[in-house]
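The primary structure of each chain is shown beneath.
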Amino acid sequence: MINAMFSSVSSVTLITATVCLLVVNIVRIISKKRSFLNSYLTYTLVFFICFLTAQIFSYKVGIWVLALLSFTALREYFSLINIRLQDRLGILGAYLSIPFMYYLIQIDWYGMFIISIPVYTFLAIPLLVSLGGKETQGTVFSIGAIDFGLFLCVFCIGHIGYLLSFAIWKAVFLVINVAICDVIIYYIGSRFRSKTLNCFVCWLLSLPLTIPVSWLLCYWTGIPPLHSIILGAMIPALVIIGHRSTDYVKADLGVTDDVLFPGRGQIMDNLKSFFYAAPVMFHYIRYFLT
Amino acid sequence: MMRERISSLIRIAVHVILLRPLVKLIFGVSVLGRDNFDFADKFIIISNHNSHLDILLLFSLLPLSKISITHPVAEETYFSKSKIIYFLVGFLLQPIWITRGKPEKGSDPFAGIKAQLDSGHNVIIFPEGSRGKPGEMQSFKSGIGRLVVQYPGLPIIPVYLSGPERSLPKASYLLLPLWNHIIIGPPQICTGTHKEITRQLESVLTGLSHSESARQRQRKATSESPPLSVAVLGIDGSGKSTISKHIAVRFSAESSTCLISDRLDLYENTEVKVVQPLGYEKVRKVISNYAKKAKSLKLYKIPKMTELLLRNHLYFEVRRWYNPEMIVMDGSPLLNMTAWAVLYRDRMLDEETCAKIIMLLTGREEELKPDDPIFSEFKESQYFRSLKLNNLILPDIVIFIDLYPETANTRIAKRGEDRQVHETSEKLARLREAYKMVCKVIRDRWDIPVSIIDGEESLEAVSAVAERFITEVIRRKEGKNDPTD
């Protein structure tokens, strides 16, 4: 009885959050404003649509929304790197590994999921690249570039999908915490001249928000309070690390913060916070709580 | 009439329900300037052409009411190879079929296009003619000007597409999902002669491709451009080592240069940069000394050949370790060897064979047919290939110092050094002819700028001419990459 009530309350919360985001997004599209927070809201909406479909049907449906997100992120990444003519087969292989990996999440085969991209796709891509043509110069860089994008955009984001299969609210927990950090980093992230100081200040300022929120959510997420608090302190640090490292990648790809279009760094910019946070949180939960 | 309306409805439905979402979902599309379509009721769309995807992207831009009354111009023979594709293209895109080649006398090549324009329909034209090199715009064919001149006042909408050349390049059948960026320029009204119109439209589309918004959408080119290699050719005694040194010093004022001559020097700000000599260079010096002191041709050839190969390898070593912006080479191993090949065959070779030898030496055998007689004629090429020595570099700029063998002989005599075995008047004369032919071949075949300078003048004068030529070529190259400046 109590269980059913909680689940209905959580569903209602999810639906309300999604509808709110939808309304905000529609207003944004009509008013044609463009800023970081606006595009950020779109991607948060995508996450909530994913959670809502998971809540209504099953996580098995919800993960395919994430798969679509991975696809758009990967497509953007490949649009930004240099591709030789003979890498095309390898890139096709990279795209095909998206359904491969998400299918493994769907059938809940953890052992295979965790090695799908790090082992099998990783081995397949050099083969595909070598089948693509005769040019040998630049092969190492090509394979490295393809694998890197695949790990970030598919494997790391895929961990959110597996988190969904544990419990939907565990994934919501991650997205909310990440969103709090992102907003704080957006407003405070470049106040000081020293990058390290910036990172540290952002982390400190996130804590008073993320720890209480994590603690409050622990009833729905099913994470014990102590672990909730640890995660609440850990996620901001991971988000900041994610930002810092992805910024260097972005700069090398020629993406600057003042010109962000979809297909020109926007998707990667909005997902960068998850690249570190999602896998680490997933493995934390898997190690301590299952 | 009724039938036409139904098929038009089906067409629009297929476009809206199937094609457009598919294009949007698989290939991301970002469009800038869509409102430029609002100001024109009847128009011609011109666009750069790199891929078969172009036409689908252009159709996804059109307002719904225009889908059925817009016609791309396409070549019939290309699409009529497969019946299904021919039908689908014909139904969905309603192209105006044209045939390539010279039109028959008396017939108007634009008849089909004009008929559609006269009945109030719109036309999509790719003025480059065919799909060009990926990411590069070719010069416009004159057809667009000849057509537009007959329709004064008809707006022409330039559309710049970037991305299709990566999603579906001409050289590949593999379709990959990658982003496409489309920039629609403001409608143009053109007046003047057909040549002026063609030029004007070309500059509009080029301008669009270099506009700020296009640049923001471009990927950053992360690949390092290879250094510019300059080869100074000439028979012995023409002063090519002095001249190549002059050139290296002169250009080091602007960029770091490297001189591969009897010794290897790096220059920066017109001064020699002190570096640790490369191992290969030491070996080369020993061998080169050995070649110089050789008493007979047989003893000369093999060390000289090794020296040339090492010299070629030095190019890669220098690129790898120092990465200068310009490499000046005293002689070019590839061209030297080709010239020697021409020289030592009993009969003079023709230009065709000469080009084939260059292909063999630079590892471009794929351009030759496998049963080409050159393979049996030059059996050495197989050893070259199996030893992976067929990687000789083709220089970007060639300077040939032309000199009478007699002058060369007196100059060699003046140097007072021991004469190398091959330096006889008759040999030098033939070598000179061989070089001339090689220069002609690379200029005609590979479009490499070659400057033939009269070597009878003083070395300073020759260097000055060579420097001017190189500056001119560099300027032209930069202009090609970046016309906005």
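The rules behind each value
- Residues numbered from 1 in each chain as written.
- Chains lettered and ligands numbered in written order.
- Predicted model: local features only at pLDDT ≥ 70, side-chain atom pairs only at ≥ 80, totals over all residues.
- Heavy atoms only, no water.
- Helix = DSSP H or I, 4+ residues; strand = E, 2+ residues; numbered from the N terminus.
- Rg over C-alpha atoms; globule rule 2.2 N^0.38 Å.
- Buried < 20%, exposed > 50% of the residue type's maximum accessible area, 1.4 Å probe, protein only.
- Contact = heavy atoms within 4.5 Å.
- Areas by Shrake-Rupley, 256 points an atom, 1.4 Å probe, with all protein chains shown as cover.
- Lys, Arg positive; Asp, Glu negative; His and termini not counted.
- Charge placed at Lys NZ, Arg CZ, Asp CG, Glu CD.
- Pairing = 2+ DSSP bridges.
- Axes fitted to C-alpha atoms, helices over the stretch in contact; angles between N-to-C directions.
- Domains from an automatic or database assignment.
- Salt bridge = Lys/Arg side-chain N within 4 Å of Asp/Glu carboxyl O.
- Parallel < 35°, antiparallel > 145°, perpendicular 65-115°, else oblique.
- Left-handed = near helix turned anticlockwise from the far one by under 90°.
- Nonpolar A, V, L, I, M, F, W, Y, C, P; charged D, E, K, R; others polar.
- Patch = residues over 30% accessible without salt bridge, like charges linked within 9 Å, V, L, I, M, F, W, Y side chains within 5 Å.
- pLDDT = per-residue confidence, 0-100.
- Phe/Tyr/Trp six-rings, centres within 6.5 Å; stacked < 30°, edge-to-face > 60°.
- Lys NZ or Arg CZ within 6 Å of the ring centre and 35° of its normal.
- Polar contact = N/O pair within 3.5 Å; in protein donor to acceptor, adjacent residues only side chain to side chain.
- Expected span 1.5 Å × (residues − 1).
- Disulfide = S-S within 2.5 Å.

> Just give me the short version of the overall build of chain A, but keep the residues and values in it.
A count of helical and extended segments in chain A gives 11 helices and 0 strands. Helices and strands in chain A line up, N terminus first, as α-α-α-α-α-α-α-α-α-α-α. Computed over C-alpha atoms, the radius of gyration of chain A comes to 19 Å, within 12% of the 19 Å expected from 2.2 N^0.38 for 290 residues, which places it in the range of a compact globule. By residue count, 51% of the 290 residues in chain A fall in the buried class. Long-range contacts, defined here as pairs at least 24 residues apart, represent 76% of the contacts in chain A between residues at least 6 apart. With the model as given, the accessible surface of chain A reaches about 13200 Å², and the carbon-plus-sulfur share is 73%. The average position of the 18 basic charges and that of the 11 acidic charges among the side chains of chain A differ by 6 Å.

> Any chance you could break down the sheet that holds strand β12 (residues 326–330) of chain B for me, citing the residues and the numbers?
Paired through backbone hydrogen bonds, the strands of a sheet run either parallel or antiparallel to each other. Residue and element names in this part refer to chain B. Read across the sheet, 7 strands follow the order β11-β10-β9-β12-β8-β13-β14 without closing on themselves; strand pairing throughout is mixed. Strand pairing shows two members of the sheet lacking a second neighbour, β11 (271–273) and β14 (450–454), which therefore form its edges. In this sheet, adjacent strand axes meet at a mean angle of 25 degrees when their direction is disregarded. By the bridge criterion, 4 bridges tie strand β9 (residues 257–260) to β12 in an arrangement that is parallel. By the bridge assignment, Thr257 is partnered in β12 with Met326.

> Please provide a residue-by-residue account of the domain arrangement of chain B, values included.
Each assigned domain of chain B is listed here: domain 1 (25–217) and domain 2 (228–481). A straight line from the C-alpha centre of domain 1 of chain B to that of domain 2 of chain B covers 45 Å.

> So what's going on with the sheet that holds strand β7 (residues 180–184) of chain B? Residues and values would help.
All names here are of chain B. Strand order in this open sheet of 7 strands is β1-β7-β6-β2-β5-β3-β4, and the pairing throughout is mixed. In the strand order of this sheet, the two ends are held by β1 (29–32) and β4 (96–98), each with one partner. Going across the sheet, the axis of each strand differs from the next one's by a mean of 20 degrees, ignoring polarity. Two elements, strand β3 (residues 70–75) and β4, share 3 bridges in a ladder whose sense is parallel.

> Could you give me a rundown of the environment of Glu433 of chain B, with the residues and numbers involved?
Residues and elements named next belong to chain B. On the secondary structure map, Glu433 appears in helix α18 (residues 425–446). Take Glu433: its relative accessible area is 40%, and that puts it in the partly exposed class. Sequence separation between Glu433 and Lys170 is 263 residues, and the spatial gap between their C-alpha atoms is 41 Å.

> Requested: an account of the pattern of salt bridges, with residues and values cited.
Across all of its chains, the model carries 14 salt bridges over all chains by this definition. Of the charged contacts, one joins Glu467 of chain B and Arg250 of chain B as a salt bridge, the two residues approaching to 3.9 Å between their closest N and O atoms. Taken together, the residues Glu467 of chain B in helix α19 (residues 459–481) and Arg250 of chain B in helix α10 (residues 240–251) connect sequence positions 217 residues apart. Judged by its relative accessible area of 31%, Arg250 of chain B falls in the partly exposed class. Between Arg475 of chain B and Glu472 of chain B there is a salt bridge, and its shortest N-O distance comes to 3.2 Å. In this pair, Arg475 of chain B and Glu472 of chain B both sit in helix α19, 3 residues apart, roughly one turn of the helix. Among the residues examined, Glu472 of chain B registers a relative accessible area of 33% and is labelled partly exposed. When salt bridges with common partners are traced through the structure, they connect Asp247, Lys250, Asp269 and Lys272 of chain A into a single cluster.

> Lay out the packing of helix α13 (residues 333–344) of chain B against α18 of chain B with the relevant residues and their values.
Residue and element names in this part refer to chain B. At their nearest, the axes of α13 and α18 sit 9 Å apart, and the two run at 125 degrees to each other. Our classification of the angle between α13 and α18 gives oblique. Here α13 and α18 pass one another in a crossing that is right-handed. Side by side, α13 and α18 meet where Leu335, Asn336, Thr338, Ala339, Val342, Leu343 and Tyr344 of the first sit next to Lys427, Arg430, Leu431, Ala434, Tyr435, Met437, Val438 and Ile442 of the second. Split by residue class, the contact of α13 with α18 holds 11 nonpolar, 2 polar and 2 charged.

> Outline a nonpolar patch on the surface, supporting the account with residue identities and numerical values.
Taken together, the side chains of Phe100, Val119, Tyr120, Phe122 and Leu123 of chain A make up a nonpolar region of the molecular surface, amounting to roughly 440 Å² of accessible area. Structurally, the position occupied by Tyr120 of chain A is in helix α5 (residues 110–132).

> Can you explain the confidence of the model for chain A? Please cite residues and give values.
Close reading of the predicted structure is inappropriate where its pLDDT is low. For chain A, per-residue confidence averages 88 on the pLDDT scale, and residues scoring 70 or more make up 94% of the total. The secondary-structure element of chain A with the lowest mean pLDDT is helix α1 (residues 2–31) of chain A, recorded at 77, while helix α4 (residues 88–106) of chain A shows the highest, at 94.

> I'd like a description of the packing of aromatic side chains, backed by residues and values.
Counted under the stated rule, the structure contains 28 aromatic pairs over all chains. Between Phe200 of chain A and Trp203 of chain A, the ring centres sit 6.1 Å apart and the planes meet at 40 degrees, which makes this aromatic pair tilted. Placement of both Phe200 of chain A and Trp203 of chain A in helix α8 (residues 195–221) is noted, with a separation of 3 residues, approximately one turn of the helix. Residue classification places Phe200 of chain A among the partly exposed residues on the basis of a relative accessible area of 47%. By relative accessible area, Trp203 of chain A is classed as partly exposed at 26%. Look at Tyr287 of chain A and Phe288 of chain A: their rings are 5.0 Å apart centre to centre, the planes differ by 90 degrees, and that puts the pair in the edge-to-face class. Judged by relative accessible area, Tyr287 of chain A falls into the exposed class, the value being 66%. The class of Phe288 of chain A is partly exposed, set by a relative accessible area of 46%. The residue whose ring lies beneath Arg75 of chain A is Trp179 of chain B, and the NZ or CZ to ring-centre distance is 4.9 Å. Arg286 of chain A extends its terminal NZ or CZ atom over the ring of Tyr110 of chain A, reaching a point 3.6 Å from the ring centre.

> With reference to specific residues and values, describe the interface of chain A and chain B.
Contact with chain A, which involves 25 residues of that partner, is made by 26 residues of chain B. Applying the counting rule to chain A against chain B returns 0 salt bridges. The tally of links between chain A and chain B comes to 11 residue pairs in polar contact (both at pLDDT 80 or more). Contributing elements (two or more residues each) for the side of chain A that touches chain B: α3 (59–80), α4 and α9 (225–252) of chain A. Counted by class, the side of chain A that touches chain B contains 15 nonpolar, 4 polar and 6 charged residues.

> So what about α4 of chain A? Which residues, and what values?
Over its 19 residues, α4 of chain A runs 28 Å from end to end, which matches the ideal 27 Å to within 8%, given 1.5 Å per residue. Contacts made by the buried residues of α4 of chain A are with α3, α5 and α6 (139–166) of chain A together with α7 (164–167) of chain B. At the exit of α4 of chain A stands Asp108 of chain A, carrying a positive phi of roughly 60 degrees.

> Residue-level account of the state of the cysteines, with values.
Residues and elements named next belong to chain A. Counted by the stated rule, this structure contains 0 disulfides over all chains. Lacking any disulfide linkage, Cys20 is separated from the closest cysteine sulfur, that of Cys50, by 18 Å. Here Cys20 falls in the partly exposed class, since its relative accessible area comes to 46%. Cysteine Cys199 shares no disulfide, and the gap to the nearest cysteine sulfur, in Cys202, comes to 6.8 Å.

> Residues and numbers for the environment of Tyr276 of chain A, please.
All names here are of chain A. Mapped onto the secondary structure, Tyr276 falls in helix α11 (residues 274–289). Taking the C-alpha atoms as reference points, Tyr276 and Tyr95, separated by 181 residues in sequence, lie 21 Å from one another. In contact with Tyr276, other than residues within four places in its own chain, are Leu238, Ile241, Gly242 and Ser245.

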